[in-house]
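# Topology and contacts: notes
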Amino acid sequence: MVKKLLYLCFSGMLIFMSSGLKAQSDTGFGKYHTNREIQQLLKGFSSGNAKLHTIAESPGGEPITVLEIGANLSDVPAIFVGANFEGDAPLASEGALFLAKMLLDSTAYTKDVKWYIMPQPNPDAAAVYFSALKTGQTTNQFKINNDGDEAIGEDGPDDLNGDGLITQMRIKSIEGSYIVSDSDARLMKKADKQKGERGTYKVLTEGIDNDKDGKYNEDAVGGINVGIGFPHLFPYENKDAGLFAGQTPEVYGILRFIYDRPEIAMVYTLGNSNFCLVPPKGGRKGDANLDRIKIPRRYASMLNADASKTYTMDEAKELFKTVVPEGTEVTTSLVASYLSLGPALNPLEDDLVFYKKYAEDYKKYLKGKDFSTETLDPTPAKDGSFELWAYYHLGVPSFSMRLFSVPKVKEAESDESADSKEKEKKAAPAKKDESGDKEKALLAYSESELDGAGFVAWTKVDHPDFDEVEVGGFAPYIETTPKAEKIESLAATQLPWLLHLSTELPDFAIADKKVTDMGGGIYKLELYVANNGALPYPISMGQRNGQPAPVIVTLEGDMELLEGKLRTPVGAIGANQVKKYTWLLKANKNKSITAGIESAVFTDVVEQIKIGG
């Protein structure tokens, strides 16, 4: 019955969204907004129950702001939404603005949840989309000397054909490693030595060697890519990430803002990855297997363990319970830290259960909206990304969403044609299509939706260093940025799914209580604590790193506690599950004590319990 009511509520929100599109058009969702325009919109949003926070300033002098919706709410969980961290997906910023407008136009999802929405964390890079020269740049204006010479930002790309786009150069060279694709002369491919192919072209980013050091475009203006500047798996080897996590003020400001708000229980990222559709990827080497834990010999005797055996995490916890001081809670985080299991590198199996479930539900939802998912695969979350940091370090559900992907090429053919092709295959080996599916899809999309503007035809240009040079290739932003007229339909169809996910948060309550008179003024108190939400708390990664604030069961009143604690951690509790807690106490009959559920994340619960009544 509860699920049916939630579904009806969710469906009603979708109807509201459809009927509200015209009204939202008046706020300008038919265009892409510069950061200045975004800030103006946010200021317009920030009245009444909404408040605008400035959390940092970019190296280029642009404000980084977060819109708080539900500013008058206290003691409620919050959801943080960040968008366009790399600056090359302006649609993501529009999606964040659209989501903010949805929430402000309806109280259905803001009654007992606070929202923090950050549409533009990388304004320096995002500004390049609106500039006369479009490069697809993802770095800000942080001053970095990438080539280690005496100048900074002196060798960036150059617009050799004067079209306002930075694409590629194909340079005729006996030292080249590329050849023209047999299937489409517009495309380049790596020469395959095993097939006897010899490269005839070099392929470089469009530009010249401005600083005469023999390298091309290696020291452009800027900077650091905000989207890969976060602590989890920080890519030290990538110069665009900076020297350390949080080096650039945008990232540091975001980290500080979120760590100062422990009520954040879920995180959404609008950008290029899509955990809503494709669960987080695993497969990284070096991760500890929590189902096969080896106890080092130096600890084995203390724990009465066999160093030659492997233990599950639950078994390891039981070993630790025999040696820790009385009252110490043995958690996954404690065991992992003590045994030096190292940081988690891959999503945990228990978490993948809910990620996979929601991915399947999302596909069904999109199918019901007649929205095709036959598109190019979303970009996997990058090392150092915000969405990975939120999951692995904050230990909360982290969902990312990509609002646009280029459709795959549909190869429709008649039965007669298929039979003919099958006969050809049997008669002679088929010639492999050298152009990849992605390139084919991008070309088809450019031709069908952009009137060919997504691909720049190869054109000969004069170059100071090479004899035969052509400039061309795919235009910047083709993969991330559809025509502005598509913004509303893409956002209105997909973003309500994030509203639905917000209803799945853990929800704590005292489900039942029982007082038993043991005689002599002694009573046994039993409390049943329920998580009525659809998600566990904490999720398995939260248990692993011990980051989310704990939920505590509290007792207060005129009593003497004989067994149990005044403050008892709930520990891990599954979705829609109940845990029982028991105390022995001495108190006068007909006295009342106060039982509560306390948390920095969720709404506190308080209940009066009459002893002996």
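All of the points below concern the structure found in this document. For every chain, the first residue of the written sequence is number 1, and numbering continues from 1 along that sequence. Reporting of local features is limited, given that this is a predicted model, to residues whose pLDDT is at least 70; pairs of side-chain atoms are given and counted only at 80 or more, and all residues count toward the totals for whole chains, interfaces and linings. Remark: hydrogens and water are excluded; side-chain values derive from all non-hydrogen atoms of the structure.

## A closer look at the pairing of strand β15 (residues 508-519)
If DSSP finds at least two bridges between two strands, the strands pair. Only DSSP runs of H or I with at least four residues qualify as helices, and only runs of E with at least two residues qualify as strands; both kinds are numbered from the N terminus onward. Sheet topology places β15 next to strand β16 (residues 522-531); 10 bridges connect them, and they run antiparallel. Note on β16: the bridge partner recorded for D517 is Y523. Remark: 2 residues form the turn of the hairpin made by β15 and β16, two consecutive strands paired antiparallel; G520 in that turn has positive phi of roughly 65 degrees.

## Quick word on the sheet that holds strand β22 (residues 605-610)
Taken together, the 4 strands give an open sheet; going across it, the order is β19-β17-β21-β22, and neighbouring strands pair in antiparallel fashion. Among the strands making up the open sheet, the edge pair consists of β19 (567-569) and β22. With direction set aside, neighbouring strand axes in the sheet form an average angle of 20 degrees. Where strand β21 (residues 592-599) lies against β22, 6 bridges are found, and the strand directions are antiparallel. What sits directly across from G596, in β22, is V606. Interaxial angles span 0 to 180 degrees and are taken between N-to-C directions of axes, which are lines fitted to C-alpha atoms, for helices over the stretch in contact.

## Quick word on the pairing of strand β2 (residues 63-69)
Counting buried residues along β2, 6 of its 7 residues qualify, which places the element largely inside the surrounding structure. Sheet topology note: the strand β1 (residues 50-57)/β2 ladder contains 7 bridges and is antiparallel. Note that in β2 the partner of E57 across the bridge is P63. Count of turn residues in the β1/β2 antiparallel hairpin: 5 residues, of which G61 carries a positive phi of about 90 degrees. For each residue, the accessible area found with a 1.4 Å probe, counting protein chains only, is set against the maximum for its type, and the residue is called buried under 20%, exposed over 50%, and partly exposed in between.

## Re unusual backbone geometry
Residues Y537 and P538 are joined by a peptide bond in cis, for which omega reads -15 degrees. With respect to the helices and strands, the residue P538 is situated in the loop between β16 and α16 (540-545). One non-glycine residue with positive phi stands out, namely D75, at about 60 degrees. Relative to the helices and strands, D75 resides in the loop between β2 and β3 (78-83). Unlike most non-glycine residues, Y477 shows phi in positive territory, near 75 degrees.

## Brief notes about helix α4 (residues 90-105)
In a helix, the anticipated span is given by 1.5 Å times the number of residues less one. For α4, which comprises 16 residues, the first-to-last C-alpha distance of 23 Å matches the rise-based estimate of 22 Å (1.5 Å per residue) to within 8%. α4 sits mainly inside the fold: 14 of its 16 residues count as buried.

## Some details on the sheet that holds strand β12 (residues 398-401)
Sheet strands associate in pairs through backbone hydrogen bonding, adopting either a parallel or an antiparallel arrangement. Spatially, β1-β2-β4-β3-β9-β12 is the arrangement adopted by the 6 strands of the open sheet, whose pairing is mixed. If you trace the sheet from one side to the other, it starts and ends with β1 and β12, each paired once. Here the average twist between neighbouring strands, direction ignored, is 20 degrees. When β3 meets strand β9 (residues 264-270), the two strands line up parallel, connected through 6 bridges. When the bridges of β9 are listed, G82 appears paired with T269. We call two residues contacting when some pair of their heavy atoms lies within 4.5 Å. Helix-sheet contacts for helix α11 (residues 386-394) involve β3, β9 and β12, and the interaxial angle to β9 is about 160 degrees.

## A closer look at a negative patch on the surface
Note that patches include only residues with greater than 30% relative accessible area and no salt bridge, and the join distances are 9 Å for like charges and 5 Å for nonpolar side chains (Val, Leu, Ile, Met, Phe, Trp, Tyr). Accessible areas in this description were obtained via Shrake-Rupley with a 1.4 Å probe; residue shielding takes into account the shown protein chains only. Salt bridge, as used here: a side-chain nitrogen of Lys or Arg that lies within 4 Å of a carboxyl oxygen of Asp or Glu. Under this rule, positive means Lys or Arg and negative means Asp or Glu; His and the chain ends count for nothing. For this purpose, a charge sits on NZ of Lys, CZ of Arg, CG of Asp or CD of Glu. On the surface, D291, D314, E315, E349 and D350 cluster together to form a negatively charged patch. Contributions of two or more residues to the negative patch are made by α8 (313-321) and α10 (349-368). Relative to the elements of secondary structure, D291 occurs in the loop between β9 and β10 (293-294).

## Quick word on the nonpolar core
Think of a nonpolar core as a cluster: buried Ala, Val, Leu, Ile, Met, Phe, Trp, Tyr and Cys residues, connected wherever their side-chain atoms sit within 4.5 Å. Core analysis: the largest hydrophobic core is formed by 116 residues, its most contacted members being W115 and L495. With 9 residues, the top contributor of residues to this core is α4. Dropping the residues within four chain positions of it, L495 is found in contact with G95, F98, L99, M102, L270, M401 and L403. Formed by 23 residues, the second largest nonpolar core is a distinct cluster that contains I64, V66, A78 and Y116.

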